[in-house]
Amino acid sequence: MNVTVLRINHRPTRDKRITTHVALTARAFGASTILVDQRDEELEDTIRDTVYRFGGDFRIESGVDPHRVMREFSGVKVHLTMYGIPVDQAVGRIREAAGDRGVLVVVGASKVPREYYEASDFNVAVTNQPISEVSALAIFLDRLFEGREMNAEFEARMRVIPSERGKRVVMLPDEADCMNILRDEGADERIIRHVRKVRDLAVAIGRAAGANLRLVEAGALLHDIGRTKTNGIDHAYAGAQILRRRNIDERVVRIVERHTGAGILPEEARKLGLPEGNYVPETLEEKIVAQADNLVSGDRYIGLSTVLEMYRKKGLQEPAERIERLHRELSEKAGTDLEAFFQEDQ
Ligand SMILES: C[S@@+](CC[C@H](N)C(=O)[O-])C[C@H]1O[C@@H](n2cnc3c(N)ncnc32)[C@H](O)[C@@H]1O
């Protein structure tokens with residue numbers, strides 16, 4: 001159910017903090033948009049910054065004409081007020097009336113003009129005691145969504161990991177973050193050129209195959225960060241260690257850890273002396289980055305046949321077969337042979 005919150009009587013000088021809290025609450029409790037009647041750029045910047053860092057598609061617009069919003073809204077209009085009907089009597093009816101149309105929730109700051117009571121389909125009270133618009137909105141949305149909004153995933157640059165004590169925040173880095181991390185770890189131009197080329201190919205494949213492109217991009221850009229420490233077979237492991245220390249999202253770390261060839265089986269890993277771990281790509285994003293890396297040497301594309309020849313020459317028959325199988329699997333998912341993406345990127 002799509003929910004828009006309309007904040008009326010916002011006074012930029014007095015209400016900045018509380019309207020910020022109304023907007024944060026709207027976002028966290030499952031609304032998709034907040035409209036604010038007075039223009040307030042600072043408020044907009046604060047909320048957009050939160051959305052940038054913590055994710056989601058939440059939208060803010062200030063300086064709207066609230067009467068026009070009320071007039072033109074085609075879904076169910078709900079005004080939160082201590083004088084309304086009890087929330088538990090109202091939510092079932094609101095859900096039913098809304099169907100797949102949206103819900104507009106009106107919250108006031110100071111005294112709310114009479115016309116809002118009349119223009120709303122429901123006047124709803126969260127207790128008939130005076131409380132804050134922040135708490136009224138939170139409880140109303142929680143009842144409306146029956147608590148499901150608590151489990152919403154916000155695909156974000158920063159993600160808070162629930163922890164009994166202390167703070168844990170992990171980062172899903174964007175392109176600029178990845179570049180900063182690479183340079184900070186001392187990656188040279190050769191590595192940077194290579195990872196960019198792998199990124200271009202991996203993102204093109206990922207787009208065709210319906211992968212999570214944020215993960216693909218970050219995984220591809222960071223896949224060789226371990227080469228700042230070692231160029232051995234353990235560089236994927238070394239890279240994963242660097243990223244875990246930096247609190248990078250584990251989904252990206254695993255892309256890095258599992259990118260060698262089409263993966264290294266547990267027995268092979270033992271023989272190679274790699275630390276205990278899983279080096280086989282499992283998710284779509286892990287597979288795409290591994291194979292994109294196989295198809296890029298330095299900053300040039302190489303065809304599958306060349307890759308297979310190189311592996312076989314080294315006596316790595318089985319790994320070559322795995323690469324061939326992975327190539328086929330991903331080509332099927334992308335709807336075309338992966339080599340078709342070479343041209344598009346050049
Ligand atoms: C601080 S109150 C202002 C109330 C104001 N005195 C009035 O007459 O409307 C701000 C907003 O909080 C919300 N609110 C406060 N108490 C509420 C309650 N018990 N149930 C639902 N909403 C409430 C209403 O949306 C209200 O406009």
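The rules behind these values
Residues numbered from 1 in each chain as written. Predicted model: local features only at pLDDT ≥ 70, side-chain atom pairs only at ≥ 80, totals over all residues. Heavy atoms only, no water. UniProt positions renumbered as here; feature names shortened; annotations may be inferred. Near = heavy atom within 4 Å. Polar contact = N/O pair within 3.5 Å; in protein donor to acceptor, adjacent residues only side chain to side chain. Areas by Shrake-Rupley, 256 points an atom, 1.4 Å probe, with all protein chains shown as cover. 1 Å grid on protein atoms, 1.4 Å probe; cavity = no way out; pocket = protein on both sides within 12 Å on 5 of 7 lines; lining within 4 Å. Sits in = over half its atoms within 2 Å of the grid points. Helix = DSSP H or I, 4+ residues; strand = E, 2+ residues; numbered from the N terminus. Nonpolar A, V, L, I, M, F, W, Y, C, P; charged D, E, K, R; others polar.

In the nomenclature of an unreviewed UniProt entry, the protein chain corresponds to tRNA (cytidine(56)-2'-O)-methyltransferase from the organism Thermogymnomonas acidicola. Recorded in UniProt for the protein chain, the comment headed Sequence similarities (unreviewed entry) runs: "Belongs to the aTrm56 family." In the Catalytic activity (unreviewed entry) part of its UniProt record, the protein chain is described as follows: "cytidine(56) in tRNA + S-adenosyl-L-methionine = 2'-O-methylcytidine(56) in tRNA + S-adenosyl-L-homocysteine + H(+)".

Q: Explain the site of the ligand here, please?
A: Near the ligand there are 18 residues, and of these L80, V126, T127, Q129 and I131 occur at the shortest range. Contact between the ligand and T81: a nitrogen atom at 3.4 Å from a main-chain N or O atom of the residue. In this structure, G108 approaches the ligand through a main-chain N or O atom, which is 3.1 Å from an oxygen atom. Relative to its unbound accessible area of 560 Å², the ligand is 80% covered by the protein chains. With respect to the pocket detection grid, the ligand is positioned in the second largest pocket. Of all the elements in the fold, those that place two or more residues in the shell around the ligand are β4 (76-86), β6 (122-125) and α6 (133-144). Among the elements that take part in the shell around the ligand, β4 stands out by supplying three residues, more than any other. Along the lines of polarity and charge, the residues of the shell around the ligand split into eleven nonpolar, five polar and two charged.

Q: Help me understand unusual backbone geometry in this model?
A: Trans is the prevailing form of peptide bonds, just as negative phi is the prevailing case for residues other than glycine. One non-glycine residue, N9, lies in the positive phi region at around 60°. Following the sequence through the fold, N9 ends up in the loop between β1 (3-7) and α1 (12-28). Residues other than glycine seldom take positive phi values, yet T127 does so here, at roughly 70°. Relative to the helices and strands, T127 is located in the loop between β6 and α6.

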